[in-house]
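Given next are the chains, with one letter for each unit.
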Amino acid sequence: MSVANTRAVAAGPARVESIDVVRGAVMVLMALDHTRDFFGIPGQNPTDLSSATAALFLTRWITHFCAPVFFLLMGTGAFLAGQRRSRGQLSGFLLTRGAWLVFLDLVVLRCFSYQFNFDYRVTMLLVLWALGWALIALAAVVRLPIGAIAAIGAVMVAGHNLLDGVRSAHPLWRVLHAPGVVFASSGHVVFAAYTLVPWIGVTALGYTLGVVYTWPPARRRTFLLRTGAAMTAGFLVLRGLNVYGDPSPWAHQPTPFFTALSFLNTTKYPPSLAFLLMTLGPALVMLAFVERVPALGFGVLRVFGRVPLFYYMGHFTVLHALATIVCLVRYGAAHWMFESPDLAHYPFSPPPGWGFSLPIVYLAWATVVISVYPLCRWFAGVKARSRSAWLSYL
């Protein structure tokens, strides 16, 4: 990235291309995990090393980078957006955008993408829900000194595993720290999958990372590279000690390779300190790397990274629609794709015998990503040409 481009970012609406590229890359990976949800074999646990193959485990593991990077860079984007707003204006923007994301997750995506129904028998509080509340929390603290925001984020990320021993079925505890059922009555259930405390912490750290993007490029790249390497090394040490940082210790397996997989098998729900070090450390290194290489070849990723919410909504809808078509061709009916599942088979009730091998899952993944690219490219162009305020919410 040139010095001129960096100055433009600090001064106005220009975008940081390295952020768009890395965000686009994790969004493409995200679609792989969601494709596995729709097309994989129901009931398979990809992180259970007693039954999962190495290929299935690694297919799941590589997608672990998606959510942490997305929350981190959302915070960074909030800081950069604040460079052209007052603190009061930024707080109001984050508050309304956060509420919008919560609404999208609970209403629009729940009914038109995840499940294709309106019965609300099963409702999962997923990533947009957590992203929304993270923005709302950030709106409450943006007036604080940047050091205080960094401290809040660090304490949440590094310290929340101290609470792993707390056992409570209270709905608020489920929302904040321990995934579980928030509400269940008369055939309706609400389940919190993305708990808020650690994700709010990652977003706060991402906000403070935005300061680095006001520095000269060489200084910024050095910081990203050294900090990312230190976090990755911190993961290796912390995980090696096997004492703190993850509620599921690694264990020796029948082969050295599977022992290594156990070492990598950190906890995402909620994201443990080890999980976040494992994913965010390499992500910072990647941000530094992308700045040093020519932009040519990153065009597709850059497009996806410029329209993350549009991509998220679009790829889920296309994915569910593709599964519905495959179901109709295979079974002559597709009513399963419109029925609320039980929690073990979210996001749809699989037909008898449903599920495909990993090569088919990868083929479906490529089909979905290729399908949504023209729409994302079109919408990225619309956003680039227009200054309409409502576009910032998509």
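Residues numbered from 1 in each chain as written. Predicted model: local features only at pLDDT ≥ 70, side-chain atom pairs only at ≥ 80, totals over all residues. Heavy atoms only, no water.

**Q** What am I meant to see in unusual backbone geometry here?
**A** If a residue is not glycine, its phi is most likely negative; likewise, a peptide bond is most likely trans. With omega at -5°, the peptide bond leading from Tyr 269 into Pro 270 counts as cis. Examined against the element boundaries, Pro 270 turns out to sit in the loop between α11 (256–264) and α12 (273–292). The amide bond that connects Tyr 346 to the next residue, Pro 347, takes the cis arrangement and shows omega of 15°. Looking at the element boundaries, Pro 347 is found in the loop between α14 (308–331) and α15 (358–385). Residue Ser 186 is not a glycine yet carries a positive backbone phi of 55°. You can see Ser 186 is positioned in the loop between β2 (180–185) and β3 (188–192). Here the phi dihedral of Asn 242 falls at roughly 60°; this positive angle occurs in a residue that is not glycine. Relative to the helices and strands, Asn 242 is located in the loop between α10 (217–241) and α11. (Helix = DSSP H or I, 4+ residues; strand = E, 2+ residues; numbered from the N terminus.)

**Q** I'm lost on the sheet that holds β3 in this one. Help?
**A** Strands sit in the order β1-β3-β2 across an open sheet of three strands; the sheet is mixed. The open sheet is flanked by β1 (122–125) and β2, the only strands paired with a single partner. Pairs of neighbouring strands in the sheet enclose a mean axial angle of 15°, with direction left out of account. Bridge count for β2 against β3 is five bridges, and the pairing is antiparallel. Considered in β3, the bridge of Phe 183 is made with Val 190. (Pairing = 2+ DSSP bridges. Axes fitted to C-alpha atoms, helices over the stretch in contact; angles between N-to-C directions.)

**Q** Help me understand a nonpolar patch on the surface, please; the structure alone is not making it clear to me.
**A** Residues Trp 100, Phe 103 and Val 107 make up a contiguous nonpolar surface patch of about 240 Å² in total accessible area. Tracing the backbone shows Phe 103 in helix α5 (residues 87–114). (Patch = residues over 30% accessible without salt bridge, like charges linked within 9 Å, V, L, I, M, F, W, Y side chains within 5 Å. Areas by Shrake-Rupley, 256 points an atom, 1.4 Å probe, with all protein chains shown as cover. Salt bridge = Lys/Arg side-chain N within 4 Å of Asp/Glu carboxyl O.)

**Q** In this structure, what is going on with the side chain of Thr 63? I would like to understand it.
**A** Its location among the elements puts Thr 63 in the loop between α3 (54–62) and α4 (66–82). Other than its neighbours up to four places away in sequence, Thr 63 contacts Leu 29, Leu 32 and Asp 33. (Contact = heavy atoms within 4.5 Å.)

**Q** Please explain helix α9 (residues 196–209) as it appears in this structure.
**A** Because each turn of an α-helix spans 3.6 residues, side chains separated by three or four positions end up pointing in the same direction. Between its first and last C-alpha atoms α9 spans 20 Å; for 14 residues at 1.5 Å apiece the expected length is 20 Å, and the two agree. Along α9, 12 of the 14 residues are buried, which leaves the element largely enclosed by surrounding structure. Residues of α9 that are buried include every one of Leu 196, Pro 198, Trp 199, Ile 200, Gly 201, Val 202, Thr 203, Ala 204, Gly 206, Tyr 207, Thr 208 and Leu 209, and no others. (Expected span 1.5 Å × (residues − 1). Buried < 20%, exposed > 50% of the residue type's maximum accessible area, 1.4 Å probe, protein only.)

**Q** I would appreciate a short explanation of the packing of aromatic side chains in the present structure.
**A** Both the distance between ring centres and the angle between the ring planes are used here to describe each pair of aromatic rings. Counted under the stated rule, the structure contains 28 aromatic pairs. Taking the centre distance of 5.2 Å and the plane angle of 85° together, the rings of Trp 354 and Phe 356 count as edge-to-face. Within the aromatic cluster, the residues linked to one another by ring pairs are Phe 38, Phe 39, Tyr 114, Tyr 312, Phe 316, Tyr 331, Trp 336, Phe 348, Trp 354 and Phe 356. Lying across the ring of Phe 93, Arg 85 places its NZ or CZ 4.3 Å from the centre. (Phe/Tyr/Trp six-rings, centres within 6.5 Å; stacked < 30°, edge-to-face > 60°. Lys NZ or Arg CZ within 6 Å of the ring centre and 35° of its normal.)

**Q** Would you take a moment to explain the packing of helix α7 (residues 146–159) against α9 for this structure?
**A** To characterise two packed helices, one gives the angle between the axes of the helices and the distance between these axes. Running from amino to carboxyl end, α7 crosses α9 at an angle of 145°, the nearest separation of the two axes being 7 Å. Relative to α9, α7 is oriented so that their crossing is left-handed. The segment α7 lies against α9, with Ile 146, Ile 149, Ala 150, Gly 153, Ala 154, Met 156 and Val 157 engaging Val 197, Pro 198, Ile 200, Gly 201, Val 202, Ala 204, Leu 205, Tyr 207 and Thr 208. Across the contact of α7 with α9, the residue classes tally to 13 nonpolar, three polar and no charged. (Left-handed = near helix turned anticlockwise from the far one by under 90°. Nonpolar A, V, L, I, M, F, W, Y, C, P; charged D, E, K, R; others polar.)

**Q** In this structure, what is going on with the pairing of β3? I would like to understand it.
**A** Along any regular strand, the residues point their side chains to alternate faces of the sheet. As defined by bridge partners, β1 adjoins β3 across four bridges and the pair is classed as parallel. Its bridge partner being in β3, Met 124 is matched across the sheet by Phe 191. Between the antiparallel neighbours β2 and β3 lie two residues, among them Ser 186 with a positive phi of about 55°.

**Q** Before we go on, may I ask you to explain the pattern of salt bridges in this structure?
**A** Oppositely charged side chains can pair when the atoms bearing their charge come close. In total, this model carries nine salt bridges according to the counting rule given. Taking the shortest distance from any N to any O, the salt bridge between Asp 20 and Arg 23 comes out at 2.8 Å. With a gap of three residues between them, Asp 20 and Arg 23 both fall in helix α2 (residues 17–39), about one helical turn apart. Asp 20 sits in the buried class, given a relative accessible area of 1%. Its relative accessible area of 9% is what places Arg 23 among the buried residues. Members of the salt-bridge network, linked through shared partners, are Glu 17, Asp 20, Arg 23 and Arg 306.

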